[in-house]
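# Observations on chain architecture
Spelled out from the first residue to the last, the chains are:
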Amino acid sequence: MASSPCGDGNFDCGLQIQTRSVEQTLIPLVSQITTLINHKDKLKKTEKTLRAVQRVGQAVSVAVGRFVAVGEAIAAENEDLKDEMGLACFEARRAGTAIAQLTDVSSLEQCEGDGRSTVFSDRTGMVKAARMLLSSVTKVLVLADCIVIKQIISSRNKVLVTLEQLERVSTFQEFVQIFSQFGNEMVEFAHLTGDRQNDLKDEKKRARMAAARAVLEKCTMMLLTASKTCLRHPDCESARINKEAVFQRMRLALEQVIEIVTDTRSGGEARALPVSIYAGIKDFKVKVEGLRDSLYCVSCEAVAAQLEALVEKTEDFTDSAYTSHEQRETIIQLCQITRQETKQLINTWRHAQSLKAKEATDEMELSILKTCQSVSDLRRELHRVAVGRATELLKLHSDHLVLQALKASGGDGNLEAVADYAGTLNEHKEQLVETCRLLCHISGTEPLEITCIHAEETFRVIGPQIISAAQTLALHPTSKIAKENLDVFCEAWESQLCDIAILLKEINDVFEGRRGDKKTYLSLPRPGEQTTIAKLGLELCLLTSDVDSEVERWDEQDHEMVRLCQIISSMAYSMYLFTRGEGLLKTTLDLFHQAEVRQHSFSLIGFLIESVRSAIKSNESPGKDGSIYY
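A quick note: this is a predicted structure, and the numbers were derived from the prediction, not measured.

In this section: the packing of helix H8 (residues 237-262) against helix H16 (residues 446-475). At a minimum axis separation of 8 Å, H8 and H16 run at an interaxial angle of 155 degrees. The angle between H8 and H16 places the two elements in the roughly antiparallel class. The element H8 and its partner H16 pack so that their crossing is left-handed. In contact with Ser238, Ala239, Asn242, Ala245, Val246 and Arg249 of H8, H16 contributes His454, Thr458, Val461, Ile462, Gln465, Ser468, Ala469, Gln471, Thr472 and Leu475.

Before going further, it helps to spend a moment on the pattern of salt bridges. Enumeration according to the criterion identifies 27 salt bridges in this entry. For Arg240, the salt bridge identified is with Glu244, shortest N-O distance 2.6 Å. With a gap of 4 residues between them, Arg240 and Glu244 both fall in helix H8, about one helical turn apart. Through salt bridges with shared partners, a single ionic network connects Glu237, Arg240 and Glu244.

With 72% of its residues at a pLDDT of at least 70, the protein reaches an overall mean of 79. Across residues 1-14, confidence stays below pLDDT 50; counting only partners more than four residues off in sequence or on other chains, it has 28 contacts. Segment residues 516-528: pLDDT under 50, and 26 contacts once partners within four positions in sequence are set aside and those in other chains are kept.

On to H16. Its 30 residues place the ends of H16 44 Å apart at the C-alpha level, agreeing with the 44 Å of an ideal helix rising 1.5 Å per residue. The element H16 is largely enclosed, with a buried count of 22 among its 30 residues. In this structure Thr445 caps H16, since a side-chain oxygen of it lies 3.2 Å from the backbone nitrogen of Leu448.

Between helix H6 (residues 172-199) and H8, the least distance of the axes is 12 Å, while the angle of their chain directions is 35 degrees. Classified by chirality, the crossing of H8 by H6 is left-handed. Within the contact between the two elements, H6 uses Phe182, Met186, Phe189, Thr193 and Arg196 and H8 uses Met250, Leu254, Val257 and Val261. Among the residues making up the contact of H6 with H8, the classes are represented as 7 nonpolar, 1 polar and 1 charged.

Taken as a whole and assessed by the stated rule, the structure comprises 0 disulfides. Left without a disulfide partner, Cys236 is nearest to the cysteine sulfur of Cys230, which lies 7.5 Å away.

Here we come to the nonpolar core. Ranked by internal contacts, the top residues of the largest apolar core, which has 107 residues, are Leu223 and Ile466. Looking at this core element by element, the count peaks at 13 residues for helix H17 (residues 480-511). Not counting the four nearest positions on each side in its chain, Leu223 is found in contact with Leu163, Leu166, Phe175, Phe179, Phe182, Val246, Phe247 and Met250. Within the second largest apolar cluster, 22 residues are counted, among which are Ala95, Ile99, Leu102 and Ile147.

Conventions and cut-offs
- Residues numbered from 1 in each chain as written.
- Predicted model: local features only at pLDDT ≥ 70, side-chain atom pairs only at ≥ 80, totals over all residues.
- Heavy atoms only, no water.
- Axes fitted to C-alpha atoms, helices over the stretch in contact; angles between N-to-C directions.
- Helix = DSSP H or I, 4+ residues; strand = E, 2+ residues; numbered from the N terminus.
- Parallel < 35°, antiparallel > 145°, perpendicular 65-115°, else oblique.
- Left-handed = near helix turned anticlockwise from the far one by under 90°.
- Contact = heavy atoms within 4.5 Å.
- Salt bridge = Lys/Arg side-chain N within 4 Å of Asp/Glu carboxyl O.
- pLDDT = per-residue confidence, 0-100.
- Expected span 1.5 Å × (residues − 1).
- Buried < 20%, exposed > 50% of the residue type's maximum accessible area, 1.4 Å probe, protein only.
- Polar contact = N/O pair within 3.5 Å; in protein donor to acceptor, adjacent residues only side chain to side chain.
- Nonpolar A, V, L, I, M, F, W, Y, C, P; charged D, E, K, R; others polar.
- Disulfide = S-S within 2.5 Å.
- Core = buried A, V, L, I, M, F, W, Y, C linked by side-chain atoms within 4.5 Å.

Put into structure tokens, the structure is as follows:
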């Protein structure tokens, strides 16, 4: 349970405040009430003082009245919270009235002559009213926050229902219709969770929310192409595996969002981050430096055991096949030096205890400094190794040669070459996964640790998905949809490499003490006008898919109509990427210019699609339900 949002133990409201908006709303009220009750017992009662007290009391009363009116309106609109919210509003109104009465001291005569209880004569009554007011107002705010959580859960449930429908579709036309609805629901969900992420007090939860939302954003495009590929090649096993992996990852990300906003975990078990080397070193130094204040606060055995646990974690570095011999030897040597300094500290520590010393001796102080220095040297070397490894890998993969080779081999229908390059990609994946694990050890903050874990999971999942997409293309080398699908997964891999570069900079900033405010995750459009843009962007992406699917079946690929369709498709996809902050269009001016240049082409979109469909239908036999299979 949390105490008062302002950290004042006198006002423990007994409610968990998890968002900054609730906390910030309470701060002015706490300030005003503190002004009222923290007056000096022998305060000189001048007219000026009385007027000031009365003004503050009236301000509190008016504010409470407005606040309660909003709370009661919320209660009327939410039947399941009506009773609880109503009671909290009633208590807040009663407390506000009590404070108004206690501060009704407009004159000295009234204050001293009529025998009424006032803030000056009944301090206990004032404190009681203040407690009741803060408790009830906090409860109203937390209940209102529950409504926001319900909105997120409701939005998630709608997405899940549509997701299941998408997984079961059997025709492209049905898929396009349902995916359009899915896109709108995902935009709404993105806004709700984005606002929630920015409002969360706990920075670890904010980082976890950012990771989950990043998965959902990137998987939306993967879901589109993977599903299209399955519809185009329904008997292809690798296409099915590819699609199922995307749906599974989206469900896990949706579940993680709900765990964060409800502060619960499915199955009831607690989720704890693995202890990183950085966190272990930090805790070890705190214990060692704490010996200056108390020689008896922790046992010698506990400090020695903590160091051994710390050294054991460095095996992630020393056991790695990618750590050079020199780096391995340096890490082992620094671990040994830290052991020696800690052993010497324990000896001087025990000697001081034998002397019944009340504080650290000079000899012990020197050992404390040497121990802390040695463990800091170890941290610096581990940081150098992890960051150096990551930097080298980013340079190595900057040309994306393996991805290009997979695309080329798949396009040539060469399954054997795809298998060879898949083995190479697996090696790269393992290198990147291990590097993310090492970066997690030295990241310096828990949010960055979470980001490292997210990157590790992303590489672990996307690697096999790229391979299954490449296998599908190799089995169907003329399929434009299969090629598009492989492109999307390769782009996700490349995007994650870019994210690692950003992560490296943030880790270095923390290590060198340059940590600033990390940018909040706002890559998806915000509410309002940009919401419409995001929805239009998804429609443009669907238009691209629709056009490409139709054109792929056209026999005369040099036909003017095919060429124009391809131009429109490319333009629509560029505009979709713009809504995501990607692609060649960098500014709104670029977007407008693109629209003006191709304005005439837009007017032909509907006509062209229908013309192509008619031409195809005249040469293709319909499916069992009368539709064309793509």
